[in-house]
Amino acid sequence: MSTFQCSFDLLKSSLSLAIAFGMLCVAFGMFYIARQQLQTNNQKLMLDLYDRRVRVYEEVQQFLGMILREEKTSVDDLLKFRRAVSDADFLFGPEIPKYLDEIYQRGVKLQSWNGQYRDSTQDKPVDYNHENVINGQFAESKWLSEQFVSSKERFKKYLNFIS
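Residues numbered from 1 in each chain as written. Predicted model: local features only at pLDDT ≥ 70, side-chain atom pairs only at ≥ 80, totals over all residues. Heavy atoms only, no water.

1. Description of the packing of helix α2 (residues 75-84) against helix α4 (residues 95-116)
Stage number 1. It is the contact of α2 with α4, at a shortest axis distance of 10 Å, that shows an interaxial angle of 175°. One way to sum up the angle between α2 and α4 is to call them roughly antiparallel. Side by side, α2 and α4 meet where V75, L78, F81 and R82 of the first sit next to L100, D101, I103, Y104, Q105, G107, V108 and Q111 of the second.
Stage number 2. Looking at the contact of α2 with α4 residue by residue, the classes come out as seven nonpolar, three polar and two charged. (Axes fitted to C-alpha atoms, helices over the stretch in contact; angles between N-to-C directions. Helix = DSSP H or I, 4+ residues; strand = E, 2+ residues; numbered from the N terminus. Parallel < 35°, antiparallel > 145°, perpendicular 65-115°, else oblique. Contact = heavy atoms within 4.5 Å. Nonpolar A, V, L, I, M, F, W, Y, C, P; charged D, E, K, R; others polar.)

2. Considerations on the packing of aromatic side chains
Stage number 1. Scanning the model with the defined rule gives four aromatic pairs in all.
Stage number 2. Taking 4.3 Å as the distance between ring centres and 20° as the angle between the ring planes, the aromatic pair formed by F63 and F81 counts as stacked. With F63 in helix α1 (residues 3-70) and F81 in helix α2, this pair connects stretches of sequence that are 18 residues apart. Like F81, F63 is buried.
Stage number 3. Their ring planes at 90° and their centres at 5.1 Å tell us that F92 and Y158 sit as a pair that is edge-to-face. Of this pair, F92 sits in the loop between α3 (88-91) and α4 while Y158 is found in the segment after α5 (130-156), placing the two residues 66 residues apart along the sequence.
Stage number 4. Aromatic ring contacts, followed pair by pair, group Y57, F92, F155 and Y158 into a single cluster.
Stage number 5. Looking at R82, its charged tip hangs above the ring of Y104, at a distance of 3.8 Å from the centre. (Phe/Tyr/Trp six-rings, centres within 6.5 Å; stacked < 30°, edge-to-face > 60°. Buried < 20%, exposed > 50% of the residue type's maximum accessible area, 1.4 Å probe, protein only. Lys NZ or Arg CZ within 6 Å of the ring centre and 35° of its normal.)

3. Side note on the nonpolar core
Stage number 1. Among the nonpolar cores identified, the biggest contains 25 residues, and V56, V60, F81, F92, L100, I103 and F155 are the most heavily contacted of them.
Stage number 2. Secondary structure elements with two or more residues in this core: α1, α2, α3, α4 and α5.
Stage number 3. In terms of residues, this core owes the most to one element, α1, which gives eight residues.
Stage number 4. The contact partners of F81, leaving out residues within four places of it in the chain, are E59, V60, F63, L100, I103 and Y104. (Core = buried A, V, L, I, M, F, W, Y, C linked by side-chain atoms within 4.5 Å.)

4. Some points on the pattern of salt bridges
Stage number 1. According to the stated counting rule, one finds eight salt bridges in the structure shown.
Stage number 2. Across the pair R52 and D87 runs a salt bridge, and its minimum N-O distance is 3.2 Å. Of this pair, R52 sits in helix α1 while D87 sits in the loop between α2 and α3, placing them 35 residues apart in sequence.
Stage number 3. According to the relative accessible area criterion, R52 is partly exposed, its value standing at 36%. (Salt bridge = Lys/Arg side-chain N within 4 Å of Asp/Glu carboxyl O.)

5. Here's the deal with the packing of α4 against α5
Stage number 1. Here α4 crosses α5 at 155°, and the two axes come no closer than 9 Å. As far as their axial angle goes, α5 and α4 are roughly antiparallel. Between α4 and α5 the crossing geometry is left-handed.
Stage number 2. Its residues placed into classes, the contact of α4 with α5 shows 11 nonpolar, 10 polar and five charged. (Left-handed = near helix turned anticlockwise from the far one by under 90°.)

Next up, the structure:
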């Protein structure tokens, strides 16, 4: 075997080794990029989930604020609230949909008490109990107004970016 042939074989082996090393570097680079894309996609998913959760929280605050302001609610307000928070079953643990249902039910009761209310200028049904109606309105209004602050605590664990 000639010196030229040995040099050529050595060069060929070195070139093959360099190509293999280059391919390995490319593979590691592709792995790094894929990993970064996965992390970015996970972060985007978490941000999208946060946005949807915060929308539900804002609807709760808006509904409760309206009740605090007006001390009443309508069937339309109740239906709008129900629709606005309907995704909660898919976005939160079971305690939040249960809590939202309680807010809704208390709103229905408040609307019912307000519908039964009669002042001194209105005719009253035979079995009308003014004190009972006033107490019912007060109890529901009080509970709902307390939820304005309480809801923040209930939603806090779902609206915290640090996980």
